[in-house]
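For reference, the chains in residue letters:
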Amino acid sequence: GDGAVLDSGDTTASIRRMALGNDNSVYLSLNKRTRFRTVINIESFVALDNQTTYVITGNTVPTTDFFGFKIQEATIWGVATTAGTESTISLSSMSNITDTKLEARYYPTQKIDFYVDDVLKGSLTSGLPRTNSIYNEIYRYTISTAEAESKTLYIQYFEIIQER
């Protein structure tokens, strides 16, 4: 397909989200090895300043145990939360209007490996999601702006694989 597009709007502090909830017909758990990948592209009129984008999977409410990516300004971060406390690792920079492939490989209680354009850029070994959480969202994309300028997130696809 053609993927999806999220536009932050051109009002300061505006935000847009797109999520696929888990209605329990798909059993995903944070106690199993999981990987997901996606290709995104962020477009801004001037630069990637004053924007924050999340591409995550896991349990986003009420306990917030998830992992994935955070793009803030033009820096790509690997991100994990446990009970709402965020851990990050700087991975790479991102250019305006450039397709970027992101992949996270989650090994419960051990680590999360983060890949950017098929290259391992870093790992988190602490602050990992708690393994007793069950997914409530298969994916969540969020883009926000801190200025009166629209930021657009283009999503080509999302793929998730979990061991049984």
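Structure first, text after, so check above.
Keep in mind it's a predicted model, so treat the numbers as computed, not measured.

K.L.:
With reference to specific residues and values, describe the sheet that holds strand β10 (residues 119–124).
P.N.:
Taken in spatial order, the six strands of this open sheet run β1-β12-β3-β8-β9-β10, and their pairing is antiparallel. Only two strands of the sheet have a single neighbouring strand rather than two, namely β1 (4–7) and β10. Between one strand axis and the next, the sheet turns by 25° as a mean value, whatever way the strands run.

K.L.:
Provide a residue-level description of the sheet that holds strand β5 (residues 65–72), including the pertinent values.
P.N.:
On the basis of which strands lie adjacent, the open sheet formed by six strands has the order β2-β11-β4-β5-β6-β7 and antiparallel pairing. For this open sheet the edge positions go to β2 (15–21) and β7 (85–93), each flanked by a neighbour on one side alone. Strand-to-strand twist in this sheet, taken as the mean axis angle between neighbours without regard to direction, amounts to 15°.

K.L.:
Explain the nonpolar core to me, and be specific about the residues and the numbers.
P.N.:
Counting residues in hydrophobic clusters, the biggest one holds 30 residues, and the most contacted among them are Ile 40, Phe 67, Phe 69, Ile 76, Ile 112, Tyr 141 and Leu 153. Counting only elements with at least two residues in this core, the list comes to β1, β3 (34–44), β5, β6 (75–82), β8 (100–107), β9 (111–116), β11 (137–145) and β12 (151–162). In terms of residue count, the dominant contributor to this core is β11 (four residues). Leaving out residues up to four positions away in the same chain, Ile 76 has contacts with Phe 69, Lys 70, Ile 71, Ile 89, Ser 90, Leu 91, Ser 92, Ser 93, Met 94, Thr 100, Leu 102 and Val 116.

K.L.:
Lay out the side chain of Thr 145 in plain terms, naming residues and giving numbers.
P.N.:
Inspection of the secondary structure assignment puts Thr 145 in strand β11. In terms of polar contacts, Thr 145 uses its side chain to reach the backbone carbonyl oxygen of Glu 149, at 3.2 Å. In contact with Thr 145, other than residues within four places in its own chain, are Ser 8, Gly 9, Thr 11, Thr 12, Ala 13, Ser 14, Asn 50, Gln 51 and Lys 151.

K.L.:
If you had to explain the pairing of β1 to someone new, which residues and values would you point to?
P.N.:
Side chains of β1 alternate between two faces, with Ala 4 and Leu 6 buried and Val 5 and Asp 7 left unburied. Judged from the four bridges that link them, β1 and β12 form a sheet pairing that is antiparallel. Bridge assignment links Leu 6 to a residue of β12, and that residue is Leu 153.

K.L.:
Before we move on, could you go through the packing of aromatic side chains and cite the residues and values that matter?
P.N.:
This structure, assessed with the given rule, holds eight aromatic pairs. Between the aromatic rings of Phe 36 and Phe 67, the centroid separation amounts to 5.8 Å while the plane-to-plane angle is 40°, which identifies the pairing as tilted. Separated by 31 residues along the polypeptide, Phe 36 in strand β3 and Phe 67 in strand β5 bring together distant segments of the chain. Assessed through its relative accessible area of 1%, Phe 36 is described here as buried. Taking the relative accessible area as the measure of exposure, Phe 67 reaches 0% and is therefore buried. Between Phe 36 and Phe 69, the ring centres sit 6.1 Å apart and the planes meet at 85°, which makes this aromatic pair edge-to-face. Note that Phe 36 is positioned in strand β3 and Phe 69 in strand β5, a separation of 33 residues in sequence. What links up through ring pairs into an aromatic cluster is the set Phe 36, Phe 67, Phe 69, Tyr 106, Phe 114, Tyr 139, Tyr 141 and Phe 158. The lysine or arginine in question, Arg 105, covers the ring of Tyr 115, its NZ or CZ lying 4.3 Å from the ring centre.

Definitions and limits used
- Residues numbered from 1 in each chain as written.
- Predicted model: local features only at pLDDT ≥ 70, side-chain atom pairs only at ≥ 80, totals over all residues.
- Heavy atoms only, no water.
- Pairing = 2+ DSSP bridges.
- Helix = DSSP H or I, 4+ residues; strand = E, 2+ residues; numbered from the N terminus.
- Axes fitted to C-alpha atoms, helices over the stretch in contact; angles between N-to-C directions.
- Core = buried A, V, L, I, M, F, W, Y, C linked by side-chain atoms within 4.5 Å.
- Buried < 20%, exposed > 50% of the residue type's maximum accessible area, 1.4 Å probe, protein only.
- Contact = heavy atoms within 4.5 Å.
- Polar contact = N/O pair within 3.5 Å; in protein donor to acceptor, adjacent residues only side chain to side chain.
- Phe/Tyr/Trp six-rings, centres within 6.5 Å; stacked < 30°, edge-to-face > 60°.
- Lys NZ or Arg CZ within 6 Å of the ring centre and 35° of its normal.

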